[in-house]
Amino acid sequence: MSAGPVGLLDRKLLFVTGKGGVGKTSVASAIAMLAASRGKRTLVCEVDAKGNLADFLGVGPLRFQPTEVRKRLFAMSMDTEESLKEYMRLNLKLPLLAKMGPLARTFEFVANAAPGVNELLTVGKFTWEVRERNYDLVVVDASATGHVVGQLAAPVAINDLVKVGLVRSQTDWMIDILTDADTTGVVVVTVPEEMPVLETLELIERLRGETEIDVASVVVNRVLPELFGRAEEEVFERLRKPDGVAALSARVGRVAAGTGAPDDVADHDVADDDAAGVDEVLDGAELAVSLRRSRVPHLDRLRDGLPAGLPVLYLPYLFHRSHGVRATARIAEGLGEELGF
Amino acid sequence: MASRSITERSDVVAPATIEQLCSAKEVVVSTGSGGVGKTTTAAAIGASAATHLGGKVLVLTVDPAKRLANALGLERFGNVETQVPAEAFTSAGVQPEGELWAAMLDTKQSWDDLVRLHAPDAATRDAILVNPLYQNITGKFVQSHDYVAMERLYEIHTSGRYDLIVVDTPPTRNAVDFLDAPDRMADFFSSRLLRWLITPYRSRLVSFASKPFYSVADRILGTQFLEDIAEFFMLFQTMYDGFVERARAVTTLLGGPQTTFVVVSTLEVAPAREAEFFLKLLGERGYHVGALVLNKVLPELFLDRDATTVAKTLAHHSAEVAADVGARIGPPADDERLLTTVLGEVGESFLNYQVVARREAEQRAELARIPQLTATVPYFDDDIHSLGGLLRLGERIWS
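Residues numbered from 1 in each chain as written. Chains lettered and ligands numbered in written order. Predicted model: local features only at pLDDT ≥ 70, side-chain atom pairs only at ≥ 80, totals over all residues. Heavy atoms only, no water.

**Thoughts on the overall build of chain A**
Alright, step 1. Summing up its helical and strand segments, chain A has 13 helices and 8 strands in all.
Alright, step 2. Split into buried and exposed, the 341 residues of chain A put 59% on the buried side.
Alright, step 3. The long-range fraction of contacts in chain A, counting pairs at least 24 apart against all pairs at least 6 apart in sequence, stands at 74%.
Alright, step 4. Carbon and sulfur atoms provide 49% of the accessible area of chain A, an area that totals close to 14,000 Å². (Helix = DSSP H or I, 4+ residues; strand = E, 2+ residues; numbered from the N terminus. Buried < 20%, exposed > 50% of the residue type's maximum accessible area, 1.4 Å probe, protein only. Contact = heavy atoms within 4.5 Å. Areas by Shrake-Rupley, 256 points an atom, 1.4 Å probe, with all protein chains shown as cover.)

So this is what it looks like as structure tokens:
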């Protein structure tokens with residue numbers, strides 16, 4: 001699968017977003033893990049301090065100061081107050097202010113009072129790391145779809161409000177970095193269900209309409225396996241009929257019991273060694289088929305609704321581990337395959 | 001494939017059904033982390049309440065993604081409360097006892113209404129409505145969502161227009177944020193810092209203590225922006241009493257005996273953990289937790305022991321089973337190669353889903369320790385996008 005003009009991992013800054021519950025954090029962790037394993041010095045950061053990123057990296061609580069969680073992979077948790085302090089220390093040469101007693105309260109107040117300050121400090125931190133070339137790739141586990149446009153549009157919004165002063169000169173270079181498609185991209189994570197697909201299409205439309213930030217890729221997570229092709233399906237339908245179930249029960253019972261001898265009695269009645277549970281197993285397969293099938297229209301809708309040329313990556317549903325560092329490692333493998341590595 | 005169970009803790013006399021809960025309470029708050037179906041659950045509870053109980057039921061969704069509108073077949077009902085047409089029930093084959101109404105939260109509109117309500121005079125009102133900062137807060141930035149959602153709930157409840165209000169909570173970064181929103185709002189307007197910030201623009205006298213702050217703030221933000229901020233907050237100060245009083249009233253409503261919380265979750269790891277945390281926190285703070293609704297739960301057949309043996313046999317000995325069974329059943333199952341593939345897939349698939357079902361069973365056991373009432377909703381073939389679908393879901397958990 002072609003990854004478009006700029007390879008996903010060749011950008012410098014990726015904002016990973018998606019509707020709540022689609023696996024945004026696990027995909028962000030996996031992108032970062034994959035990049036690090038391919039030799040890139042990578043920073044992954046969570047914006048919502050839920051602490052899930054640490055779970056998906058299999059490490060303890062993350063702080064604002066990045067820690068190297070595995071080779072070349074650094075992880076941090078956004079804290080806008082720390083971000084402001086760092087910014088002041090680096091830019092304003094204001095150690096005095098950083099030590100001011102009421103700074104914390106003042107900050108909280110100003111951040112809540114002046115709209116977009118929190119968003120600006122968040123986006124500012126990442127664009128700063130990119131500008132300073134501290135990492136080859138910065139992966140942001142960003143806000144969910146409902147909030148991410150506000151977050152990404154903050155520098156422009158502030159730029160409109162603040163006509164002069166230092167902030168103005170800061171938002172200019174942030175906007176330059178954010179709007180350069182070779183540098184920055186948004187990754188939208190979704191699952192093949194109705195509402196996540198709708199929100200994905202809405203979000204991409206909003207990002208294109210309200211921001212100048214490029215959408216790098218859509219990642220479709222938790223794609224259920226296709227059990228049967230058409231011919232197999234016909235066989236399965238036949239098996240589901242009462243005589244199919246009976247024949248299967250008889251045969252499976254013997255194989256399971258280890259006798260393995262074919263049953264020669266044609267009009268076989270229910271015997272002691274008949275396996276119970278065949279119905280349940282066939283019901284289970286039917287549920288698996290219908291779950292998969294119910295998702296097909298949503299996948300079609302997604303493909304039809306996306307702008308032409310936008311890369312779409314598909315990740316399989318993980319049965320064995322859906323959470324934690326093992327899930328991240330498996331998703332990273334899946335992403336690597338989709339990207340053709 | 002469907003299974004449902006309602007378990008009740010034996011040592012507690014609790015409402016045994018959602019039906020009972022909806023009959024007794026005036027406000028049902030549906031809450032949980034993103035993607036677990038809390039909006040759908042709120043709509044389903046509302047639709048079932050309108051079906052089975054008399055009176056007027058309102059479903060209030062505060063989600064900006066406009067999902068409930070789709071599910072109820074209402075394209076855009078915005079801030080206005082709109083009745084779900086009787087035909088929608090008829091075409092779903094249901095004769096409702098009561099009326100179902102729906103409304104969606106429009107943050108900007110609700111803020112404007114609040115300003116109109118609390119502004120001391122027309123001049124202040126207009127000055128606020130056109131202030132660029134105000135427009136930004138209400139339009140572009142979303143933190144204000146939580147507060148205005150709870151405020152709207154309060155306003156509607158107080159109006160006495162409905163017998164039951166089922167409200168869906170905003171998609172906050174943390175499921176409990178909206179609970180603190182009224183208090184945060186009150187704190188914000190009573191803050192000494194707010195006065196401190198506004199003072200120089202009132203008196204033109206910058207105190208010695210605040211001077212360093214202003215000189216830095218000027219350097220960072222520019223004077224014009226600071227003045228915009230100051231003007232905005234000075235104007236808002238005039239509405240202080242109204243806001244704080246309302247914020248307290250909203251808090252009282254949420255914690256009162258007429259309100260119950262329904263925590264919605266799936267049995268996936270992350271949402272279940274959040275639900276557990278939320279259930280504990282609601283309990284600690286003394287809120288009434290009426291029910292836990294578990295969505296998209298796999299059926300129990302995946303836990304069946306005999307079925308497990310069958311699945312393992314199929315997965316590991318598909319060729320052996322196929323060799324004999326195919327001829328016995330006849331076409332198209334007599335194609336041995338195809339049959340081997342099918343049997344193998346069936347066995348593998350069962351074992352895969354079984355891992356998930358076992359994980360779900362454990363999550364469920366851990367979660368069910370907390371609330372008195374747990375309702376389980378199976379996987380549906382399709383997402384719910386009609387009133388009929390909502391009613392089908394509602395019936396699963398109703399009684």
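**Quick look at unusual backbone geometry**
Alright, step 1. In this chain, P331 of chain B is followed by P332 of chain B through a cis amide linkage whose omega measures 0°.
Alright, step 2. For R133 of chain A, which is not a glycine, the phi torsion comes out positive at approximately 55°.
Alright, step 3. Mapped onto the elements of the fold, R133 of chain A is located in the loop between helix 6 (117–131) and strand 5 (137–141).
Alright, step 4. Residue class for R133 of chain A comes out exposed when judged on its relative accessible area of 70%.

**What to know about the nonpolar core**
Alright, step 1. By size, the foremost hydrophobic cluster in this structure holds 54 residues, and its most contacted members are L153 and F236 of chain B.
Alright, step 2. Formed by 46 residues, the second largest nonpolar core is a distinct cluster that contains A285 and L291 of chain A together with V342 and L351 of chain B. (Core = buried A, V, L, I, M, F, W, Y, C linked by side-chain atoms within 4.5 Å.)

**Quick look at the environment of G58 of chain A**
Alright, step 1. For G58 of chain A, the position within the fold is in the loop between helix 2 (52–57) and strand 3 (67–70).
Alright, step 2. Sequence separation of G58 of chain A and G334 of chain A is 276 residues, and the distance between their C-alpha atoms is 19 Å.

**A few points about the sheet that holds strand 6 (residues 184–190) of chain A**
Residues and elements named next belong to chain A.
Alright, step 1. Strand order in the open sheet formed by 8 strands is 3-4-2-5-1-6-7-8, with mixed pairing between adjacent strands. Since the sheet does not close on itself, it has two edges, and those belong to strand 3 and strand 8 (312–316), each with one partner. Between one strand axis and the next, the sheet turns through 25° on average, direction left out of account.
Alright, step 2. As defined by bridge partners, strand 1 (residues 13–18) adjoins strand 6 across 6 bridges and the pair is classed as parallel. Pairing of F15 across the sheet is with V186, part of strand 6.
Alright, step 3. Strands strand 6, strand 7 (215–223) and strand 8 of the sheet are contacted by helix 12 (residues 278–305), whose axis makes an angle of about 175° with strand 7. (Pairing = 2+ DSSP bridges. Axes fitted to C-alpha atoms, helices over the stretch in contact; angles between N-to-C directions.)

**Quick word on the confidence of the model for chain A**
Alright, step 1. Summary statistics for chain A give a mean pLDDT of 86 and a share of 84% for residues scoring 70 or more.
Alright, step 2. Note that pLDDT drops below 50 for residues 265–270 of chain A; the model gives that stretch 7 contacts with residues more than four away or on any other chain. (pLDDT = per-residue confidence, 0-100.)

**With respect to the packing of helix 14 (residues 269–284) of chain B against helix 17 (residues 336–367) of chain B**
Residues and elements named next belong to chain B.
Alright, step 1. Put simply, helix 14 and helix 17 touch, their axes get as near as 10 Å, and they point 5° apart. Considered as vectors, helix 14 and helix 17 are oriented roughly parallel to each other. Of the residues in helix 17, those touching helix 14 at V269, A272, A275, E276 and L279 are R359, Q363 and L367.
Alright, step 2. Considering only residue class, the contact of helix 14 with helix 17 consists of 5 nonpolar, 1 polar and 2 charged. (Parallel < 35°, antiparallel > 145°, perpendicular 65-115°, else oblique. Nonpolar A, V, L, I, M, F, W, Y, C, P; charged D, E, K, R; others polar.)

**Some details on the packing of helix 12 of chain A against helix 15 (residues 305–316) of chain B**
Alright, step 1. At their nearest, the axes of helix 12 of chain A and helix 15 of chain B sit 7 Å apart, and the two run at 70° to each other. In terms of orientation, helix 12 of chain A and helix 15 of chain B fall into the roughly perpendicular class. Of the two elements, helix 12 of chain A crosses helix 15 of chain B, and the hand of that crossing is right-handed. Mapping the contact onto sequence places V278, E280 and V281 of chain A in helix 12 of chain A and A307, V310, A311 and L314 of chain B in helix 15 of chain B.
Alright, step 2. Tallied by class, residues from the contact of helix 12 of chain A with helix 15 of chain B come to 6 nonpolar, no polar and 1 charged. (Left-handed = near helix turned anticlockwise from the far one by under 90°.)

**Looking at the environment of Y162 of chain B**
Residues and elements named next belong to chain B.
Alright, step 1. Turning to its location among the elements, Y162 is positioned in the loop between helix 8 (145–159) and strand 6 (164–168).
Alright, step 2. Sequence separation between Y162 and I229 is 67 residues, and the spatial gap between their C-alpha atoms is 39 Å.
Alright, step 3. Ignoring sequence-local partners within four residues, the contact set of Y162 consists of K56, V57, L58, E81, W101 and I156.
Alright, step 4. Of the polar contacts made by the side chain of Y162, one reaches the side chain of E81; its length is 2.6 Å. (Polar contact = N/O pair within 3.5 Å; in protein donor to acceptor, adjacent residues only side chain to side chain.)

**Examining the side chain of E81 of chain B**
Residue and element names in this part refer to chain B.
Alright, step 1. Locating E81 in the fold gives a position in the loop between helix 3 (67–71) and strand 4 (82–83).
Alright, step 2. A polar side-chain atom of E81 sits 2.9 Å from a polar atom in the side chain of R161.
Alright, step 3. Every residue in contact with E81, bar those within four places of it in the chain, is listed here: L58, W101, A102, A103, R152, I156, R161 and Y162.

**Focus: the pairing of strand 8 (residues 289–297) of chain B**
Residue and element names in this part refer to chain B.
Alright, step 1. The buried count for strand 8 comes to 8 of 9 residues, which makes it a mostly enclosed element.
Alright, step 2. With 5 bridges joining them, strand 7 (residues 259–265) and strand 8 adopt parallel strand pairing. Residue pairing for strand 8: V264 is matched across the bridge by V293.
Alright, step 3. Handedness of the β-α-β unit built from strand 7, helix 14 and strand 8 comes out right-handed.
Alright, step 4. Sheet analysis places strand 8 next to strand 9 (residues 373–378), joined by 4 bridges and oriented parallel. The residue of strand 9 that forms the bridge with V297 is P378. (Right-handed = clockwise from strand over helix to strand, strands pointing away.)

**Focus: the pattern of salt bridges**
Alright, step 1. Applying the stated criterion across every chain yields a total of 26 salt bridges over all chains.
Alright, step 2. In this structure, E268 of chain B engages R222 of chain A in a salt bridge whose closest nitrogen and oxygen atoms are separated by 3.5 Å. Linking E268 of chain B in the loop between strand 7 and helix 14 with R222 of chain A in strand 7, this pair reaches from one chain into another.
Alright, step 3. For R222 of chain A, a relative accessible area of 24% translates into the label partly exposed.
Alright, step 4. Each of E81, R152, E155 and R161 of chain B takes part in one network of salt bridges that share partners. (Salt bridge = Lys/Arg side-chain N within 4 Å of Asp/Glu carboxyl O.)

**Thoughts on the domain arrangement of chain B**
Residues and elements named next belong to chain B.
Alright, step 1. Under the domain assignment used here, chain B contains domain 1 (7–181 + 253–298 + 379–398) and domain 2 (301–363).
Alright, step 2. When domain 1 packs against domain 2, the two sides together hide about 560 Å² of surface, and 67% of this comes from carbon and sulfur.
Alright, step 3. On inspection of domain 1 and its partner domain 2, the count reaches 0 salt bridges.
Alright, step 4. The tally of links from domain 1 across to domain 2 stands at 1 residue pair in polar contact (both at pLDDT 80 or more).
Alright, step 5. Secondary structure elements with two or more residues in the side of domain 1 that touches domain 2: helix 14 and strand 8.
Alright, step 6. Classifying every residue of the side of domain 1 that touches domain 2 gives 5 nonpolar, no polar and 1 charged. (Domains from an automatic or database assignment. Buried area = accessible area lost by both parts, 1.4 Å probe.)

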